[in-house]
Amino acid sequence: MTFVYIGLGSNLCDPENQLRSAFAALKQLQDTHVKRTSSIYRSAAVGPGTQPDYLNAVLLLATKLSPTALLDATQQIELNQGRVRDIRWGARTLDIDLLLYGDLQIDSPKLTVPHPRMQQRNFVLYPLREISGTNLSLPDGSDLDTLLKQCTNAGLIKTKYRLLTN
Ligand code: ROI
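Summary of the structure given here. (Residues numbered from 1 in each chain as written. Predicted model: local features only at pLDDT ≥ 70, side-chain atom pairs only at ≥ 80, totals over all residues. Heavy atoms only, no water.)

### Here's the deal with the overall build of the chain
Next, step 1: What the chain contains, in helices and strands, is 4 helices and 8 strands.
Next, step 2: Counting from the amino terminus, the chain carries its helices and strands in the arrangement β-α-β-β-β-α-β-β-β-α-α-β.
Next, step 3: Compactness check: the chain gives a C-alpha radius of gyration of 15 Å against a globular reference of 15 Å for 166 residues, within 12% of the reference.
Next, step 4: Projected onto its principal axes, the C-alpha coordinates of the chain cover approximately 35 × 35 × 35 Å.
Next, step 5: Taking all 166 residues of the chain together, 48% fall into the buried category.
Next, step 6: Restricting the contact set of the chain to residue pairs at least 6 apart, pairs at least 24 apart contribute 69%.
Next, step 7: Accessible surface computed for the chain: about 8,500 Å², of which carbon and sulfur atoms make up 50%.
Next, step 8: Distance between charge centroids for the chain: 4 Å, based on 18 positive and 15 negative side chains. (Helix = DSSP H or I, 4+ residues; strand = E, 2+ residues; numbered from the N terminus. Rg over C-alpha atoms; globule rule 2.2 N^0.38 Å. Buried < 20%, exposed > 50% of the residue type's maximum accessible area, 1.4 Å probe, protein only. Contact = heavy atoms within 4.5 Å. Areas by Shrake-Rupley, 256 points an atom, 1.4 Å probe, with all protein chains shown as cover. Lys, Arg positive; Asp, Glu negative; His and termini not counted. Charge placed at Lys NZ, Arg CZ, Asp CG, Glu CD.)

### Some points on the site of the ligand
Next, step 1: For the ligand, the full set of nearby residues is Ser-43, Ala-44, Ala-45, Val-46, Tyr-54, Asn-56, Trp-89, Arg-92, Asp-95, Arg-121 and Phe-123.
Next, step 2: Contact distances for the ligand include 2.9 Å between a nitrogen atom and a backbone N or O atom of Ala-44.
Next, step 3: Within the backbone of Val-46, an N or O atom sits 2.7 Å from a nitrogen atom of the ligand.
Next, step 4: Its residues assigned to classes, the shell around the ligand shows 6 nonpolar, 2 polar and 3 charged. (Near = heavy atom within 4 Å. Polar contact = N/O pair within 3.5 Å; in protein donor to acceptor, adjacent residues only side chain to side chain. Nonpolar A, V, L, I, M, F, W, Y, C, P; charged D, E, K, R; others polar.)

### Focus on the pattern of salt bridges
Next, step 1: For the structure shown, the criterion picks out 5 salt bridges.
Next, step 2: Notably, a salt bridge pairs Arg-92 with Asp-95, separated by 3.1 Å at the nearest N-O pair. No difference in accessibility class separates Arg-92 from Asp-95, as the two residues are buried.
Next, step 3: Note that Glu-130 and Arg-162 form a salt bridge whose closest N and O atoms lie 3.0 Å from each other. Taken as a pair, Glu-130 in helix α3 (residues 122–132) and Arg-162 in strand β8 (residues 157–162) lie far apart in primary sequence, 32 residues in all.
Next, step 4: You can call Arg-162 partly exposed: its relative accessible area is 33%. (Salt bridge = Lys/Arg side-chain N within 4 Å of Asp/Glu carboxyl O.)

Structure follows, in structure tokens:
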């Protein structure tokens, strides 16, 4: 079993429901257990142009799936929920990002882990810290608490909602 942190994000077609559907689908994945879930966070969209606010959450999985098998499975969940990959950084019904896969560093055409932009994203770092319990060391030698000090939580709203593990 490997511990894997994933990020969920949605800003289209009832985002809270999108996150809940994704969570239900992730719970059905073979050889995979959802161990922890963060609160649901709301934030303005990062990136160019104007688009609706996002809801985000971070989950801890324990899985026997390989990184590519897990990527394929999460991309299938995105597709099942109507994800259309057209505009880079455009609005989306569902985004599932592999943030950390154990302490592996992966740099392949299909997959980069740790997620290359997670270190600057408050909607990833704050929910990640909520469920990590302790400071986390990242494979590049950085650590979560230091990244958090460099990353404002301005505009990030922790809601009272969460995806429940039971
Ligand atoms: N902005 C926020 N706040 N949350 C996201 O999940 C998110 N995802 C994206 C882009 C468009 C970069 N902006 C985001 O892919």
